[in-house]
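Structural overview for review
As a plain string of letters, each chain reads:
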Amino acid sequence: MTVTNLFSCSPALAAYLIFLTALLGLAMGSFLNCLAWRLAHGESVARGRSHCTACGHILGPLDLIPVFSWLFLQGRCRYCGEKISPRYPAAELLAALVYLTVVWKCGLSLDTLRFLLLFSLLLALSLVDLEVGLIPDRLLVAGGLGWLLLALPDSERSALLLRGGLGAAALFVPMLLLVLTADHLAGRETMGGGDLKLLALLGLYFGWQQGLLLLIFSCLLGLGLATLLGKAKPGTAFPFGPALAAAAWLVFLVGEPILTWYFSLFF
């Protein structure tokens, strides 16, 4: 069922789905914030209750309401008064927005599950990368396994597997050769291994054509991010994962019409 048919059948159903999707996005944003913090600081992601990152006090239900708890507490911990980073409500709102765009574009389909999984992992790894400059392998593995499992029940399984495999190879292999060459010439690491593995993962989901467009977008966004972080000088390391994640969302939204327009210039 396409998203147009779904939303045209009943305005009440459309409003209900929008509400549920936004609520799910906010809740997942809160969870992904916690997941990212624990990965960045070496805490278990499966055990232990949510706690203040400053004083360690266990948080109660009223402290864990996405966005509203932060606003109600005026951005401070209820127990120690330490400031709570605005990254938490910002990530929750961003997750809600991304979830809404996925449901709006994909409707009720396996693609919805694929891209909800992908963008959830991209948000978590972006938060980790921004904080400690590392892309956790376990998130990349989860993304790859999730893509494979969701490909198996697809009616176009063979074509999807071929498209994904070609996309992963088309992004990973040339970039690996380019990075190895650049590392040799510069005498230093020019791109982290996590970024290369993330490119391969994105190739699975987007294929080689949209994947190459994603790579172009990520370079432009990476320059902007480096400038914003004050790390635009040559040789200065900066987290590239968030730029790849933002480029993936941009390609998800507008990649197909851009490629259609581009190919129409030649055919």
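Computed from a prediction, not measured in an experiment: that's the story for all the values here. (Residues numbered from 1 in each chain as written. Predicted model: local features only at pLDDT ≥ 70, side-chain atom pairs only at ≥ 80, totals over all residues. Heavy atoms only, no water.)

A few points about the packing of aromatic side chains
Enumeration according to the criterion identifies seven aromatic pairs in this entry. On the basis of an interplanar angle of 45 degrees and a centroid distance of 4.8 Å, the ring pair of Phe 115 and Phe 252 is categorised as tilted. Of the two residues, Phe 115 sits in helix 5 (residues 110–132) while Phe 252 sits in helix 9 (residues 241–264), which places them 137 residues apart along the sequence. By relative accessible area, Phe 252 is classed as buried at 4%. Ring pairs connect the aromatic residues Phe 115, Phe 119, Tyr 205, Phe 206 and Phe 252, which therefore count as one cluster. The ring of Tyr 88 has Arg 87 sitting right over it, with the charged end atom 4.9 Å from the ring centre. (Phe/Tyr/Trp six-rings, centres within 6.5 Å; stacked < 30°, edge-to-face > 60°. Helix = DSSP H or I, 4+ residues; strand = E, 2+ residues; numbered from the N terminus. Buried < 20%, exposed > 50% of the residue type's maximum accessible area, 1.4 Å probe, protein only. Lys NZ or Arg CZ within 6 Å of the ring centre and 35° of its normal.)

Details of the packing of helix 6 (residues 137–151) against helix 7 (residues 157–186)
It is at 10 Å that the axes of helix 6 and helix 7 come closest, and there the two elements cross at 155 degrees. Between helix 6 and helix 7, the interaxial angle falls into the category roughly antiparallel. Along its contact with helix 6, which presents Trp 147, Leu 148 and Ala 151, the element helix 7 presents Arg 157, Leu 160, Leu 161 and Gly 164. When the residues that make up the contact of helix 6 with helix 7 are grouped by side-chain class, the tally is five nonpolar, one polar and one charged. (Axes fitted to C-alpha atoms, helices over the stretch in contact; angles between N-to-C directions. Parallel < 35°, antiparallel > 145°, perpendicular 65-115°, else oblique. Contact = heavy atoms within 4.5 Å. Nonpolar A, V, L, I, M, F, W, Y, C, P; charged D, E, K, R; others polar.)

A look at helix 5
Counted at 1.5 Å a residue, the expected span for helix 5 with its 23 residues is 33 Å, and the 33 Å between its end C-alpha atoms agrees. Put simply, Ser 109 is the residue that caps the front of helix 5, since its side-chain oxygen is 3.3 Å from the backbone nitrogen of Asp 111. Once helix 5 finishes, Gly 133 follows within two positions and takes phi at roughly 70 degrees, a positive value. (Expected span 1.5 Å × (residues − 1). Polar contact = N/O pair within 3.5 Å; in protein donor to acceptor, adjacent residues only side chain to side chain.)

What about the confidence of the model for the protein?
Mean pLDDT for the protein: 89, with 96% of residues reaching 70 or above. pLDDT under 50 marks residues 1–5. Its contacts with residues more than four places away, or in other chains, come to seven contacts. (pLDDT = per-residue confidence, 0-100.)

Quick word on the state of the cysteines
In a disulfide, the sulfur atoms of two cysteines are covalently bonded to one another. Scanning the model with the defined rule gives zero disulfides in all. Unpaired in this structure, Cys 55 has its nearest cysteine sulfur neighbour in Cys 52, at a distance of 3.7 Å. Judged by its relative accessible area of 40%, Cys 55 falls in the partly exposed class. With no disulfide of its own, Cys 77 lies closest to Cys 52 among cysteine sulfurs, the gap being 3.6 Å. (Disulfide = S-S within 2.5 Å.)

A word on the side chain of Glu 92
Position of Glu 92 relative to the elements: it lies in helix 4 (residues 87–106). Of the side chains bearing the opposite charge, Arg 87 lies closest to the buried Glu 92, which forms no salt bridge; the N-O distance is 9.1 Å. Sequence-distant contacts of Glu 92, that is, excluding residues within four places in its chain, are made with Gly 25, Leu 26, Gly 29, Ser 30, Asn 33, Pro 66 and Val 67. (Lys, Arg positive; Asp, Glu negative; His and termini not counted. Salt bridge = Lys/Arg side-chain N within 4 Å of Asp/Glu carboxyl O.)

Structural notes on the layout of surface pockets
When its volume is computed, the largest pocket comes out at roughly 810 Å³. Surrounding the largest pocket, 32 residues form its lining, Thr 190, Met 191, Thr 236, Phe 238 and Phe 240 being those nearest its centre. Tallied by class, the residues present in the lining of the largest pocket amount to 16 nonpolar, 10 polar and six charged. Within this model, the second largest pocket holds a volume of roughly 700 Å³. Lining the second largest pocket we find 32 residues, and of these His 51, Leu 59, Leu 64, Ile 84 and Tyr 88 sit closest to its centre. When residues of the lining of the second largest pocket are traced back to their parent elements, those giving at least two are helix 2 (11–40), helix 3 (68–72) and helix 4. Considering each element in turn, the lining of the second largest pocket owes the most residues, seven residues, to helix 2. (1 Å grid on protein atoms, 1.4 Å probe; cavity = no way out; pocket = protein on both sides within 12 Å on 5 of 7 lines; lining within 4 Å. Points joined across faces, edges and corners; volume = space filled by probe spheres on them.)

Re the pattern of salt bridges
For the structure shown, the criterion picks out five salt bridges. Measuring nitrogen to oxygen at the nearest pair gives 2.7 Å for the salt bridge that ties Arg 78 to Asp 63. Separated by 15 residues along the polypeptide, Arg 78 in the loop between helix 3 and helix 4 and Asp 63 in the loop between helix 2 and helix 3 bring together distant segments of the chain. Using a relative accessible area of 39% as the deciding quantity, one classes Arg 78 as partly exposed.

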